[in-house]
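This is what each chain is made of:
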Amino acid sequence: MQLLKTLSGKVVLLLFVVFAVVFSSKITEVVKDENTCICSYDGFGYYAYLPYLFENQSLAISKEWMQEKQNEHCNGTVAYQVIQHENGADINIYHMGLAFVELPSYLIGDLFARVLGYPTDGFSKPYHIAYLLNALLFIFLGLLYLRKLLLLFFTDRITAITTLVLFITSNIYITFNYQFELQHVFLFAFNATFLYHIIVFTRTEQKKNLWIAAIILGLTVCMRPTQVLMGLIPLILFIKKFGISKVFWKHILIFPLLGILWNIPQILYWYIVGGEPFILNLHSEEIILVDPHISDFLFSYKKGWLLYSPIFLITIIGFIYLYTKERSLFWASLAFSVVYIYIMSSWECWWYAASYGSRVMVDIYPLLAIAIGGALMSLGNSTIKKIIGGLFIVACALLNTLQQYQFKVGYLHYDRMTEQHYWYIFGRLNIPDYTGQHLEIDRNPSEIGWVENAPNLPKEDYSLETKEIYSLEESLVAKIGEEYLTIGRLNILELVPTDETMFDVTIVTKSSDTTKAGTLRMEIVSPYNCYTWRTLEISQDAAQGEYVTHIYKFNLERLRHHDDQMQIYIHKDLDVEIEVKSMTIEATSLVRK
């Protein structure tokens, strides 16, 4: 095999073998019926297009069908991936591009399911095995194209070292191993391939490389719309090479053309099912460019990219190297990296839910690997530089290995890391008296036990503050014929010191008809959207015509913006009258010093 003849090829094969061993254990679990869940959470949203289409010859995916499949195969995991659109239809909030990539493996799984007599519903063992093998295949393709990309700039030795450094010092292994059902495995491979072909085109002007790059970029935009930012790279490279000329426009316009063609099925799905050709975002979060979380995204203990993968600090040196050796690529890479980080940190859920470090950065590691290689080249023949650089890489590798182990055993939490917990577990492989008391509070509404445990925390590091933040001054009445009754609107962080807060709500109400619905709604809103809400039924099954006291405790959601508010109101049936006699809200906050 050609790969065995070079050091970089051997590194690629070694890393692939590591992942092959990891995925073989996953396949074994499937074969032994120890794992029946082909995918859940976000991954299920991407995959669901395929089994529903083949089962129903339609893409009108219903929430009931989604929940039924999760109940059957994933222990009842909540199916949140489909929401009701304005026209009343259920719409998948996830783009279908990843389903295109999963289609070949799905068809292979379907063939084996039919031949071997398994259910042909998209969820039986053959589909699951094919799904895992597909992810493993793209890990291998990503490694191959990363090597090809790096060899355009560096020697075989530097390419080998760069590849190894990337995998042993960053969050790439954890992301590929634990979140293979998401886009990152595939975008890493596609972005490596895209970069390889676009750079080869700028050097040779061979049209096939241009078309391959455009086809791949168009597909990835269909997978994740923010991939459109990758278009900055050919844009800048072409401007530098061709200027603003007819040749420039001829080449650059291929990219939006292919992007549109790949997205035609998505547009048709939106139009046929949702009634609109463009439904750009159905998530409860949005990209808010005027309020990015750059420092949190890069450095926070919660998910800071550079805190958990500090190896990328050397990309600063790598970009300087590119400036001297590959000026056009320097400007293209720098512009893209800055814009990409800005956009990713502007997503309201900037920590991107469960992950080790910032998983969205894994997508662009092929580009950053060039900067890492440049940093290694900058060491030159200087012994001192090599020692310092080597020590830094070894330190990053040891830190990453330790933290990946902590992640695996549960010490390093996937979603609730804090400064106190980070240093509590730092450097520790075995913690017999392990406690999660230093983690961020569990935001689940019912998980309010942290209030009782908080007084046991070290007084020098924590304090517990409780105060009344709202009291209804006089009774209010939601009359018959009125659907809503506004109670109040609170600027949360003007009233409590932190969003690690539990609310204790006491409300006294009287309903004219307890067979009719009436709910207290407490919604967290920003100037941009409403991203979380809590509800309490206050009418149905209450005592007819009598005052009833309701007590409701819940944790505050993570606030996306400093000025976010909580709006409080009654939502009821039109033919019922509800009186709110009194209402108080007491807030208990965990303050970290």
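Everything that follows concerns the structure shown earlier in this document.
Residues numbered from 1 in each chain as written. Predicted model: local features only at pLDDT ≥ 70, side-chain atom pairs only at ≥ 80, totals over all residues. Heavy atoms only, no water.

Caption draft 1: Representation of the overall build of the chain within the structure. A count of helices and strands for the chain gives 22 helices and eleven strands. In terms of its C-alpha atoms, the chain occupies a principal-axis envelope of roughly 85 × 60 × 55 Å. Taking all 593 residues of the chain together, 55% fall into the buried category. Taking contacts inside the chain between residues at least 6 apart in sequence as the whole, the part at least 24 apart equals 75%. (Helix = DSSP H or I, 4+ residues; strand = E, 2+ residues; numbered from the N terminus. Buried < 20%, exposed > 50% of the residue type's maximum accessible area, 1.4 Å probe, protein only. Contact = heavy atoms within 4.5 Å.)

Caption draft 2: Looking closely at the environment of Ile267. By the element assignment, Ile267 lies in helix H13 (residues 254–274). Judged by relative accessible area, Ile267 falls into the partly exposed class, the value being 21%. When neighbours within four sequence positions are excluded, Ile267 is seen to be in contact with Glu276, Pro277 and Phe278.

Caption draft 3: Region of interest: the nonpolar core. Counting 133 residues, the largest nonpolar core has Phe167, Phe238, Phe255 and Tyr365 as its most contacted members. With 13 residues, helix H9 (residues 184–204) is the single largest residue contributor to this core. The residues touching Phe167, leaving out its near neighbours within four places in the chain, are Leu15, Phe19, Leu143, Leu146, Ile172, Tyr173, Phe176 and Phe188. If you look at the next biggest cluster of nonpolar residues, it comprises 31 residues, including Ile469, Leu556, Ile568 and Val576. (Core = buried A, V, L, I, M, F, W, Y, C linked by side-chain atoms within 4.5 Å.)

Caption draft 4: Quick peek at the layout of surface pockets. Taken as a whole, the second largest pocket encloses approximately 540 Å³ of empty space. Along the walls of the second largest pocket sit 23 residues, with Asp296, Lys302, Trp350, Glu440 and Asp499 positioned nearest its centre. No other element matches strand E11 (residues 578–592), which puts three residues into the lining of the second largest pocket. A breakdown of the residues in the lining of the second largest pocket according to their chemical character gives seven nonpolar, six polar and ten charged. (1 Å grid on protein atoms, 1.4 Å probe; cavity = no way out; pocket = protein on both sides within 12 Å on 5 of 7 lines; lining within 4 Å. Points joined across faces, edges and corners; volume = space filled by probe spheres on them. Nonpolar A, V, L, I, M, F, W, Y, C, P; charged D, E, K, R; others polar.)

Caption draft 5: Broad picture of the state of the cysteines. Counted according to the given criterion, the structure contains one disulfide. The thiol sulfur of Cys39 is not disulfide-bonded, and the nearest other cysteine sulfur, from Cys37, lies at 6.6 Å. Just so you know, Cys222 is unpaired, no disulfide at all, and the nearest cysteine sulfur is the one on Cys39, 17 Å from it. (Disulfide = S-S within 2.5 Å.)

Caption draft 6: Region of interest: the pairing of E11. Across nine bridges, the pairing between strand E3 (residues 462–471) and E11 is antiparallel. Paired with Ser463 across the strands is Val591, a residue of E11. Bridge count between strand E4 (residues 476–478) and E11: three bridges; the pairing is antiparallel. Counted as the bridge partner of Ala478 is Ile578 from E11. (Pairing = 2+ DSSP bridges.)

Caption draft 7: Structural detail: the pattern of salt bridges. Applying the stated criterion across every chain yields a total of 18 salt bridges. The partner of Arg203 in a salt bridge is Glu326, with the nearest N and O atoms 3.3 Å apart. Pair noted here: Arg203 is in helix H9 and Glu326 is in the loop between helix H16 (315–325) and helix H17 (327–346), with a separation of 123 residues, a long-range link. When the shortest N-O distance is used, the salt bridge between Arg521 and Glu523 registers 3.1 Å. Judged by relative accessible area, which is 6%, Glu523 ranks as buried. Taken together, the shared-partner salt bridges in this structure form one network comprising Lys302, Asp415, Glu440, Arg443, Asp499 and Arg558. (Salt bridge = Lys/Arg side-chain N within 4 Å of Asp/Glu carboxyl O.)

Caption draft 8: Here's a closer look at the side chain of Gln227. The residue Gln227 is located in the loop between helix H10 (207–223) and helix H11 (232–242) in this model. Note on Gln227: relative accessible area 2%, which makes it buried. There is a polar contact of 2.8 Å between the side chain of Gln227 and the side chain of Asn191. At a separation of 3.1 Å, a polar atom in the side chain of Gln227 contacts the side chain of Thr220. Sequence-distant contacts of Gln227, defined by excluding residues within four places in its chain, comprise Leu187, Asn191, Leu217, Thr220 and Val221. (Polar contact = N/O pair within 3.5 Å; in protein donor to acceptor, adjacent residues only side chain to side chain.)

Caption draft 9: Examining the packing of aromatic side chains more closely. Applying the stated criterion to the full structure yields 52 aromatic pairs. Relative to Phe242, the ring of Phe238 has its centre 5.8 Å away and its plane inclined at 70°; by these criteria the two rings are edge-to-face. Here Phe238 and its partner Phe242 are both found in helix H11, four residues apart, which amounts to about one turn of the helix. Seen from their ring centres, Trp423 and Phe426 are 4.9 Å apart, and the 50° between their planes marks the pair as tilted. A relative accessible area of 38% means that Phe426 is categorised as partly exposed. Clustering of aromatic rings is evident, with ring pairs tying together Phe44, Tyr47, Tyr52, Phe54, Trp65, Tyr106, Phe123, Tyr127 and Tyr131. Seen from the ring of Phe23, Lys26 lies directly overhead, with NZ or CZ sitting 5.7 Å from the centre. Positioned over the ring face of Tyr178 is Lys26, at 6.0 Å from the centre of the ring. (Phe/Tyr/Trp six-rings, centres within 6.5 Å; stacked < 30°, edge-to-face > 60°. Lys NZ or Arg CZ within 6 Å of the ring centre and 35° of its normal.)

Caption draft 10: Quick look at the sheet that holds strand E7 (residues 518–525). Spatial strand order, E5-E10-E7-E8: four strands in an open sheet with antiparallel pairing. Either end of the sheet is taken by a strand with one partner, and the two such strands are strand E5 (484–491) and strand E8 (530–537). Sheet twist, expressed as the average angle between the axes of neighbouring strands with direction ignored, equals 20°. Bridging between E5 and strand E10 (residues 565–572) involves seven bridges; their strand directions are antiparallel. When the sheet's bridge partners are listed, Asn491 is paired in E10 with Gln565. (Axes fitted to C-alpha atoms, helices over the stretch in contact; angles between N-to-C directions.)

Caption draft 11: Inspection of a nonpolar patch on the surface at higher detail. Taken together, the side chains of Leu257, Ile260, Leu261, Ile264, Leu268, Tyr271 and Ile272 define a hydrophobic patch exposed on the protein surface, amounting to about 720 Å² of accessible area. Tracing the backbone shows Leu257 in helix H13. (Patch = residues over 30% accessible without salt bridge, like charges linked within 9 Å, V, L, I, M, F, W, Y side chains within 5 Å. Areas by Shrake-Rupley, 256 points an atom, 1.4 Å probe, with all protein chains shown as cover.)

Caption draft 12: View of unusual backbone geometry. Although it is not a glycine, Gln57 adopts a positive phi angle of roughly 50°. Inspection of the secondary structure assignment puts Gln57 in the loop between helix H3 (49–56) and helix H4 (63–73). Unlike most non-glycine residues, Glu205 shows phi in positive territory, near 60°. The residue Glu205 is located in the loop between H9 and H10 in this model. With a relative accessible area of 41%, Glu205 lands in the partly exposed category.

Caption draft 13: View of the packing of helix H5 (residues 97–116) against H10. In the contact formed by H5 and H10, the axes pass within 5 Å of each other and the chain directions differ by 115°. The angle between the axes of H5 and H10 places the two elements in the roughly perpendicular class. For the pair formed by H5 and H10, the contact residues are Gly97, Leu98, Phe100 and Val101 on the first element and Leu219, Cys222 and Met223 on the second. Split into classes, the residues belonging to the contact of H5 with H10 amount to six nonpolar, one polar and no charged. (Parallel < 35°, antiparallel > 145°, perpendicular 65-115°, else oblique.)

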